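Geometric and topological summary
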Amino acid sequence: MATTAISSPGKVLLAGGYLVLDPAYSGVVVSTSARFYTVVQDLDEATTVARAKADRPIEIRVRSPQFVNAAYTYLVSFDVDGVHVEQVADSASASFTKNKFVHLALQRTIALAIEARGAGTLQNRLGYGLDITIVGDNDFYSQRAQLTSRNLPPTLASLSQLPPFNHTGVRLPEVHKTGLGSSAALITSLVSSLLVHLGVVARDSFDNDAEGGTASASEGRRLAHNLAQYVHCLAQGKVGSGFDVSAAVFGSQLYTRFDPVVLGSLMKDESTNEALLPVISPSNTAWNYRVEPFKLPPLTRLMLADVDAGSDTPSLVGKVLKWRKEAATAANAHWDALDKVNHALSETLLKLSEMHARDATAYAKAVKYLSTLQSVQHLDQWLAINPNIPPATQEMIDIFAEAHRLSEDVRAKMREMGKLSGVPIEPPEQTELLDACMSGAGVIGGGVPGAGGYDAIWLLVLDPTNCPPQELPSSRIEGVWASWKGLDVSPLSASESVAKGVRLETVDQVNGLRQLLDAPW
Ligand SMILES: Nc1ncnc2c1ncn2[C@@H]1O[C@H](COP(=O)(O)OP(=O)(O)O)[C@@H](O)[C@H]1O
Ligand SMILES: C[C@@](O)(CCOP(=O)(O)OP(=O)(O)O)CC(=O)O
């Protein structure tokens, strides 16, 4: 039985929220260590002999074992009008729950596969059908209830005690998502695994990490990107900036959106018979998105916290875009200024990676020294010429200080945008929490990710080597969160993804995945 396993990361939009909706501006996106996994297996003859004799069409079964009642059965049939993927109740129950993201990913990917390989070849490749298992790392869903049921405090150490792909105990529509882009990562891993399993793209399409942005990305990766963007927009019923799907495909990056016009009439009808390949093909230059390399500096750690208050992103977006339309001159001037700072922050963080490559020893000394200094109130200490610090190390300290200054400038401009538009982008409760985190040692920067609001916060924290755990800046931050009075702050274990973007997986190398696959349907 052939098996295809593919994973894709979640996302954190560090800077560029709202602006990234406009192709004149960019977003600084980090792909997370939290990943989504899709495993596609052929249904073998023994499993399907009853169905085959009953002359039923090809069957695709999809399950999400982390949720109650999250199993979906689809029948695939071919006729003169093309391919049909219809959901049916499985043999065990009369009713079924729908999942638009899964259904559209199947329907649209199979339609494109027929264009690419022909209906006959595809029918043979589908054989008796497919078993598909979809799981997301625990970080995509709040684990508060799971920790409470185990009498564990909401800490990183507690999260590490939970089983991988922990059952949430609820139905999918009821789960509290943590905003890491579950649907984008899901669709990217599902679409990519189907493209490989159905022979539309080569298995090695996702070998390289595409760290060089689109310039070094394979044609197969770029096809998967375009198809995943299309399916994600169709399932969400709107065309967002697409930064989340781009991060799922290409990893951390400086992202500039594509012009929605590329999707044209495809958005009008979910099951259109219009040819997909000419639009979705990576040769279609109308896909004018830009993915430029970005990564966080060495010896740093991205800390994420899920803040339980939650916000409705589409509502925040609607209000900000209304303000931008009504106060266009002032708004555009503000966005231009903010975009400049966003780019400067991205460049400064990249410069730290260059400095580490040039002199790792001096870099490590700078990180160690800065981890002992308080940051916000004592920025001058960072800049003070200290006779004991070699010039090479002092130069790096200056760049860290610049990154800190720029990060705080981004926050200030996002707060200003919130005030001008009447939107709680960085509301006072979040400002208070972030300032408390910044006031201690070893925090380069932080803010509210994406659209902001009450969803989450991010912090870029120094992570010196050979430092006792209790002295690490991340330990101090955990202490701030654990004792915080006000917003309910719960850490996520995700950090930046080392292996960028969508990638092929080996099931037995993914902790906990084999057990899920071997569990009966
Ligand atoms: N493990 C999963 N299995 C199947 N579908 C999932 C899973 N996790 C998320 N989804 C799909 O993604 C949707 C969430 O999308 P959305 O509300 O846009 O959240 P996000 O901002 O995290 O992408 C869910 O309604 C569900 O259809
Ligand atoms: C406003 C935006 O630019 C960024 C929103 O980023 P978030 O990370 O806040 O998104 P959600 O996960 O949907 O809450 C909209 C966009 O770019 O599509």
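Keep in mind that what you see is a predicted model, and the values were worked out from it rather than measured. All residue numbers refer to position in the chain's written sequence, counted from 1. The order in which chains are written sets their letters, starting at A; the order in which ligands are written sets their numbers, starting at 1. pLDDT decides what is reported in this predicted model: residues at 70 or higher carry local features, side-chain atom pairs at 80 or more are listed and counted, and totals for whole chains, interfaces and linings draw on all residues regardless. In computing side-chain properties, one takes all heavy atoms of the structure into account and sets aside hydrogens as well as water.

Some thoughts on the environment of Asp398
Checked against the element boundaries, Asp398 lands in helix 14 (residues 391–421). Here's how the labels work: a residue is buried when its accessible area is under 20% of the maximum for its type, exposed when over 50%, partly exposed in between, all with a 1.4 Å probe on protein chains only. Of the residues examined, Asp398 reaches a relative accessible area of 33% and is grouped as partly exposed. Note: C-alpha distance between Asp398 and Ala384 (14 residues apart in sequence) is 9.4 Å. Counting from the N terminus, the helices are DSSP H or I runs at least four residues long and the strands are E runs at least two residues long.

Some remarks on the site of ligand 1
Around ligand 1, 14 residues are found, and the nearest of them are Ser64, Tyr141, Lys177, Ser182 and Ser183. Separating a nitrogen atom of ligand 1 from a side-chain N or O atom of Asn99 is a distance of 3.0 Å. The term polar contact refers here to a pair of N or O atoms within 3.5 Å; inside protein, the definition further demands a hydrogen-donor-capable atom paired with an acceptor-capable atom, and it admits residues adjacent in sequence only when both atoms are side-chain atoms. Between ligand 1 and Ser183, the relevant distance is 2.5 Å, taken from an oxygen atom to a side-chain nitrogen or oxygen of the residue. When isolated, ligand 1 has an accessible area of 570 Å², and the protein chains bury 79% of it. Here the element with the most residues in the shell around ligand 1 is helix 6 (residues 182–197); it accounts for three residues. Any residue with a non-hydrogen atom lying within 4 Å of a molecule or strand is treated as near it. To measure how exposed things are, a 1.4 Å probe is used in the Shrake-Rupley method; for residues, cover is taken only from the protein chains shown.

Regarding the state of the cysteines
Here a disulfide denotes a covalent bond joining the sulfur atom of one cysteine to the sulfur atom of another. The term disulfide is used for any two cysteine sulfur atoms that are within 2.5 Å. Overall, the coordinates contain zero disulfides when judged by the stated rule. Cys437 takes part in no disulfide bond, and the closest cysteine sulfur to it belongs to Cys467, at a distance of 18 Å.

Overview of the site of ligand 2
Looking at ligand 2, there are 14 residues lining it, with Lys11, Tyr18, Ser241, Thr313 and Ala451 nearest. Residue Thr313 places a side-chain N or O atom 2.6 Å away from an oxygen atom belonging to ligand 2. Here ligand 2 has 450 Å² of accessible area as a free molecule, and 79% of this is covered by the chains. Every element with two or more residues in the shell around ligand 2 is listed here: strand 1 (3–15) and helix 10 (313–326). Residue polarity is assigned by list, with Asp, Glu, Lys and Arg as charged and Ala, Val, Leu, Ile, Met, Phe, Trp, Tyr, Cys and Pro as nonpolar; anything else, Gly included, falls into the polar class. Broken down by class, the residue content of the shell around ligand 2 amounts to seven nonpolar, six polar and one charged. Where a domain begins and ends is set by an automatic assignment or by a domain database. Split by domain, the shell around ligand 2 shows at least three residues from each of two domains, domain 1 (3–293 + 499–514) and domain 2 (300–492).

Regarding helix 8 (residues 243–250)
Of all eight residues that make up helix 8, eight are buried, and the element is covered over most of its length. Along helix 8, the residues classified as buried are Phe243, Asp244, Val245, Ser246, Ala247, Ala248, Val249 and Phe250. Contacts are residue-level and defined by heavy atoms, with any inter-residue pair within 4.5 Å sufficient. At its buried positions, helix 8 is contacted by strand 1, strand 2 (27–42), helix 6, helix 7 (219–236), strand 7 (253–256) and strand 8 (290–293). Just downstream of helix 8 lies Gly251, where phi reads positive at about 85 degrees.

Brief notes about the nonpolar core
Here the nonpolar core consists of buried residues drawn from Ala, Val, Leu, Ile, Met, Phe, Trp, Tyr and Cys, with membership extended through side-chain atoms lying within 4.5 Å. Counting residues in hydrophobic clusters, the biggest one holds 147 residues, and the most contacted among them are Tyr18, Ile132, Ile280, Met417, Leu459 and Trp481. Each of domain 1 (3–293 + 499–514) and domain 2 (300–492) accounts for three or more of the residues forming this core. Non-local contacts of Ile280, meaning those with residues more than four positions away in its chain, are made with Leu112, Leu223, Asn226, Leu227, Tyr230, Leu266 and Trp287. Core analysis: the next-biggest nonpolar cluster, separate from the first, contains ten residues, Val39, Val135, Val507 and Leu513 among them.

Bear in mind that shape data such as this cannot, by itself, settle questions of function.
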